[in-house]
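Structure at a glance
Chain by chain, the residues:
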Amino acid sequence: MRIRNQELGDRNIVGARVEQRRKELCMKQIELLAQLQIKGIELTASGLSKLEGQLRSVSDYELVALSDVLGVSMDWLVGREK
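In short, a report on the structure. (Residues numbered from 1 in each chain as written. Predicted model: local features only at pLDDT ≥ 70, side-chain atom pairs only at ≥ 80, totals over all residues. Heavy atoms only, no water.)

Re the environment of K28
- Here K28 is to be found in the loop between α1 (15-24) and α2 (29-38).
- Exposure remark for K28: the relative accessible area of 56% places this residue in the exposed category.
- Taking the C-alpha atoms as reference points, K28 and A16, separated by twelve residues in sequence, lie 15 Å from one another. (Helix = DSSP H or I, 4+ residues; strand = E, 2+ residues; numbered from the N terminus. Buried < 20%, exposed > 50% of the residue type's maximum accessible area, 1.4 Å probe, protein only.)

Here it is in structure tokens:
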């Protein structure tokens, strides 16, 4: 597992929680990407890394799919729920 060299960005508020939940599920990025693809979300490994690093924005479609795949609410992803 690689350690992030850059500080978190400010392009989204869900990235850190996406990474947290993915790791809680012992899911690799490639596994998350495959599950997102099944949901119709085409995202590259670089795109997911940037999303988790809060270096890219997240679309509403991606937010819904991430919520479904990770088994959490959208409110939790955006920090409105503990």
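A closer look at the pattern of salt bridges
- Applying the stated rule across the entire model yields six salt bridges.
- Notably, a salt bridge pairs K39 with D68, separated by 3.8 Å at the nearest N-O pair. Highlighted residues: K39 in the loop between α2 and α3 (45-52) and D68 in helix α4 (residues 60-70), separated in sequence by 29 residues.
- Among the residues examined, K39 registers a relative accessible area of 46% and is labelled partly exposed.
- We classify D68 as partly exposed; its relative accessible area is 45%. (Salt bridge = Lys/Arg side-chain N within 4 Å of Asp/Glu carboxyl O.)

Description of α3
- Regarding α3, the residues found buried are G47, L48, L51 and E52. For α3, the angular spread of the buried residues around the axis is 130°, confining them to a single face.
- Buried positions along α3 lie against α1, α2 and α4.
- Phi turns positive, to about 60°, at Q54, one or two residues after α3. (Arc of directions from axis to C-beta. Contact = heavy atoms within 4.5 Å.)

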